[in-house]
Amino acid sequence: MADYKLMYQLLFNAVTDAIQLLSEAQQQTEDIYIEEEDGPAVAALKALKSSKQQAGDIYIEEEDGPAVAALKALAEGSKSKK
């Protein structure tokens with residue numbers, strides 16, 4: 001008779017390892033993208049960081065705030081690439 005418990009454990013461990021590997025690869029590629037000093041992601045992240053430091057999360061919700069402007073520019077840039 002097949003050892004279903006062993007089969008399940010082997011499959012579960014392999015799937016868990018694959019998910020971990022993919023998550024690490026995604027994080028590494030995100031880090032590479034963010035490290036681009038002239039990229040739009042950096043501008044948006046810097047604006048978000050500075051706005052949070054200045055006045056908390058409420059500041060981000062302002063339509064004319066720097067974080068919103070940077071995120072809109074980032075969104076427009078991604079639309080034009082399609």
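Quick caveat, the model's predicted, so the values are computed rather than measured. (Residues numbered from 1 in each chain as written. Predicted model: local features only at pLDDT ≥ 70, side-chain atom pairs only at ≥ 80, totals over all residues. Heavy atoms only, no water.)

Trainee: Any details on the overall build of the protein? Residues and values, ideally.
Mentor: Within the protein, the secondary structure is distributed over 4 helices and 0 strands. Helices and strands in the protein line up, N terminus first, as α-α-α-α. Burial statistics for the protein: of 82 residues in total, 15% are counted as buried. When the accessible surface of the protein is summed, it comes to about 7000 Å², and 60% of that surface belongs to carbon and sulfur atoms. (Helix = DSSP H or I, 4+ residues; strand = E, 2+ residues; numbered from the N terminus. Buried < 20%, exposed > 50% of the residue type's maximum accessible area, 1.4 Å probe, protein only. Areas by Shrake-Rupley, 256 points an atom, 1.4 Å probe, with all protein chains shown as cover.)

Trainee: With reference to specific residues and values, describe a negative patch on the surface.
Mentor: Residues Glu30, Asp31, Glu35 and Glu36 make up a contiguous surface patch of negative charge. Among the secondary structure elements, Glu36 is positioned in the loop between helix H1 (4-35) and helix H2 (40-55). (Patch = residues over 30% accessible without salt bridge, like charges linked within 9 Å, V, L, I, M, F, W, Y side chains within 5 Å. Salt bridge = Lys/Arg side-chain N within 4 Å of Asp/Glu carboxyl O. Lys, Arg positive; Asp, Glu negative; His and termini not counted. Charge placed at Lys NZ, Arg CZ, Asp CG, Glu CD.)

Trainee: Give a description of the packing of aromatic side chains that names residues and reports values.
Mentor: For the structure shown, the criterion picks out 1 aromatic pair. Between Tyr8 and Phe12, the aromatic rings sit 6.1 Å apart at their centres with planes inclined by 20°, giving stacked as the arrangement. In this pair, Tyr8 and Phe12 both sit in helix H1, 4 residues apart, roughly one turn of the helix. Tyr8 sits in the exposed class, given a relative accessible area of 56%. What makes Phe12 partly exposed here is its relative accessible area of 47%. (Phe/Tyr/Trp six-rings, centres within 6.5 Å; stacked < 30°, edge-to-face > 60°.)

Trainee: Just give me the short version of the confidence of the model for the protein, but keep the residues and values in it.
Mentor: Averaged over every residue, the pLDDT of the protein is 75; the share at 70 or more is 57%. The secondary-structure element of the protein with the lowest mean pLDDT is helix H3 (residues 57-60), recorded at 49, while H1 shows the highest, at 91. For the stretch residues 56-60, pLDDT sits under 50, and the model shows 10 contacts to residues farther than four places along the chain or on other chains. (pLDDT = per-residue confidence, 0-100. Contact = heavy atoms within 4.5 Å.)

Trainee: So what about a nonpolar patch on the surface? Which residues, and what values?
Mentor: On the surface, Met1, Tyr4 and Met7 cluster together into a nonpolar patch covering about 480 Å² of accessible area. Locating Met7 in the fold gives a position in helix H1. Overall, Met7 belongs to the partly exposed group, its relative accessible area being 45%.

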